[in-house]
Amino acid sequence: MQRFIINGGRRLRGELALQGSKNSSLPIMAASLLCCGECTLHSCPNLTDVYAASRILNCVGCKCTFSDNTAVINSVVIDKTSISEELMREMRSSIIFMGAMLGRAGECTVSVPGGCELGPRPIDMHISALRKMGIEIRESGGSIICKAPAGRAKGAKINLAFPSVGATENVILCAVTAEGETVINNAAREPEICDLCGFLRSCGADIAGEGESRVIIHGKHQLHSCEYTIMPDRIAGATYLSMAAAAKGELILTNACIPEMEPFLSVLEQTGCSIYTSDKKIYLRSGSRLSAIKDRIRTMPHPGFPTDAQAVLMAALAAADGTSVFEENIFDCRYRHTDALVKMGADIQVLGKVAVVKGREKLHGAKVEATDLRGGAAMVIAALCAEGTSEITKICHIDRGYENIEEAVRLLGGDIRRS
Ligand code: EPU
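Residues numbered from 1 in each chain as written. Predicted model: local features only at pLDDT ≥ 70, side-chain atom pairs only at ≥ 80, totals over all residues. Heavy atoms only, no water.

**A short note on helix H12 (residues 373-385)**
Relative to the 18 Å expected for 13 residues at 1.5 Å per residue, H12 spans 19 Å between its end C-alpha atoms, a close match to the ideal helical length. Of all 13 residues in H12, 12 are buried; the element is thus mostly enclosed. Every buried residue of H12 is accounted for by Leu373, Arg374, Gly375, Gly376, Ala377, Ala378, Met379, Val380, Ile381, Ala382, Ala383 and Leu384. One side-chain oxygen at the N-terminal end of H12 lies 3.3 Å from the backbone nitrogen of Arg374; it belongs to Asp372. (Helix = DSSP H or I, 4+ residues; strand = E, 2+ residues; numbered from the N terminus. Expected span 1.5 Å × (residues − 1). Buried < 20%, exposed > 50% of the residue type's maximum accessible area, 1.4 Å probe, protein only. Polar contact = N/O pair within 3.5 Å; in protein donor to acceptor, adjacent residues only side chain to side chain.)

Written out as structure tokens, the structure reads:
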């Protein structure tokens, strides 16, 4: 089991190019199943979740290769429509292969997906939306068996009870080759949904309205292959900016997606650090101690403050001047990192969906265990600005979402080692 050893207290300074988005790559890799050809995806991040998606594609018969951040996926032949429980359990995103397999083959057998422990993560909305599209779904011995009786799903009007990212993606993946029109009301508006639709449109799909609450899709008989570049990872961006802000640093982030990061940037700016944006660059300078954020930081679906940036901003605010209050509205158990931050000297009280963070003068190094992907990244941030040495174990969680995080930290002058 690998771990990070971090000696904190160094000022971070330098330039980083943002990796491609994990949460775009995974649905787009699944979408390549619909193309019956060879798709080339550039800027695909080198991450364990991306390898897990490649394994799923290979297991159903695709030929998927990956090198230098380019994935080449040949989906001409599909010879299997079931995905093993072992592969499904590797990550939560495996569930979007359900919509993609239905769109390609009209049937699939999957199981309940795995992923970070962020509280109950049901798939009821995915199932009821696909049923509305004429898919017969039954459970048997832990497997979810799905079939379009006519071999092809039927367009339908779907009203999502909550703008779920995964459910929106699953419906889109199933609808692009379904018969007729699908309308998704209360669709998720996350930038990664727009990236998925951008890819599908390059493959010939007819989609309108992505990025808004109503998405309209007209099914096509077949899509074709394409070459596509994945959008930058706004959450990795939020992580490195929080890191530089916490470590009184200076960062130039290149390959950044500025409009998509605005909900995060507008909050980070309130800590008193200077942020300038131009073209695809973000410049951040944080000379002195950060100020606490006055207004409650409420995580909300996009364009609200992203839940994925809650932990990393909390780590930065743990040593800010004053008290900040978070309200987590997306996941039930997304404060699992707080115990580790407290062990490092932070003063955080959690009551239900609210976390009150009283900024301390200093944090100190400690031995902690990464609880989930973003929580683990928060611990790296806290360790980098703490006094002394920290050891973070279970860093496999962090590797799911950050491409070579220790290399990035070292490039900025941080003292981190994997052992
Ligand atoms: N939900 C249901 N029923 C459903 C689907 C969702 O109750 O059928 C609930 C979930 O339990 C959760 C909320 O709705 O409480 C939001 O879930 P959503 O479906 O929107 O999230 P997701 O698709 O599982 C994606 C990202 C997450 C990100 C969320 C919210 C990927 C691979 N994952 O998850 O990313 O936090 O959207 O933006 O795209 C991460 O990258 O660390 C991560 C967890």
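Structure shown, so let's carry the discussion forward.
**Focus on the packing of helix H1 (residues 22-31) against helix H4 (residues 96-105)**
Where H1 meets H4, the closest approach of the two axes is 8 Å, and the angle between their N-to-C directions is 25°. As summarised for this structure, H1 and H4 are arranged roughly parallel, according to the angle between their axes. The hand of the H1/H4 crossing is right-handed. Across the interface between the two elements, Leu26, Pro27 and Ala30 from H1 touch Ile96, Phe97 and Ala100 from H4. In terms of residue class, the contact of H1 with H4 is made up of six nonpolar, no polar and no charged. (Axes fitted to C-alpha atoms, helices over the stretch in contact; angles between N-to-C directions. Parallel < 35°, antiparallel > 145°, perpendicular 65-115°, else oblique. Left-handed = near helix turned anticlockwise from the far one by under 90°. Contact = heavy atoms within 4.5 Å. Nonpolar A, V, L, I, M, F, W, Y, C, P; charged D, E, K, R; others polar.)

**Quick word on the site of the ligand**
Near the ligand, the surroundings consist of 24 residues, among which Asp124, Ser164, Asp308, Ile330 and Arg374 are the closest. Residue Asp308 places a side-chain N or O atom 2.5 Å away from an oxygen atom belonging to the ligand. Look at the ligand: alone it shows 840 Å² of surface, and the protein chains cover 89% of it. Residue contributions to the shell around the ligand peak at three residues, all from helix H5 (residues 124-132). Of the residues in the shell around the ligand, the class split is 10 nonpolar, six polar and eight charged. (Near = heavy atom within 4 Å. Areas by Shrake-Rupley, 256 points an atom, 1.4 Å probe, with all protein chains shown as cover.)

**Focus on the sheet that holds strand S7 (residues 136-140)**
Taken together, the three strands give an open sheet; going across it, the order is S6-S8-S7, and neighbouring strands pair in antiparallel fashion. Edge positions in the sheet fall to strand S6 (107-111) and S7, since each of these pairs with one other strand and no more. The average angle at which neighbouring strand axes cross in this sheet is 20°, direction not considered. Pairing of S7 with strand S8 (residues 143-147), which is carried by five bridges, proceeds in the antiparallel orientation. The partner of Glu136 across the bridge, within S8, is Lys147. Each of S6 and S8 touches H4; the most contacted strand, S6, lies at about 160° to it. (Pairing = 2+ DSSP bridges.)

**Brief notes about the packing of aromatic side chains**
The tally for this structure, following the rule as stated, stands at five aromatic pairs. Both rings, one in Phe199 and one in Tyr228, keep their centres 5.7 Å apart while their planes meet at 80°; by these two values the pair is edge-to-face. Here Phe199, found in helix H7 (residues 191-202), pairs with Tyr228, found in strand S13 (residues 227-229); they are 29 residues apart in sequence, far enough to count as distant. The same class applies to Phe199 as to Tyr228, namely buried. (Phe/Tyr/Trp six-rings, centres within 6.5 Å; stacked < 30°, edge-to-face > 60°.)

**Section: the pattern of salt bridges**
Taken as a whole, this structure holds 22 salt bridges when the rule is applied. Of the charged contacts in the structure, one is a salt bridge between Glu250 and Arg11, with a shortest N-O distance of 3.9 Å. One end of the pair, Glu250, is in strand S14 (residues 250-254); the other, Arg11, is in the loop between strand S1 (4-7) and strand S2 (13-17), and 239 residues separate them in sequence. The exposure class of Arg11 is partly exposed, given its relative accessible area of 42%. (Salt bridge = Lys/Arg side-chain N within 4 Å of Asp/Glu carboxyl O.)

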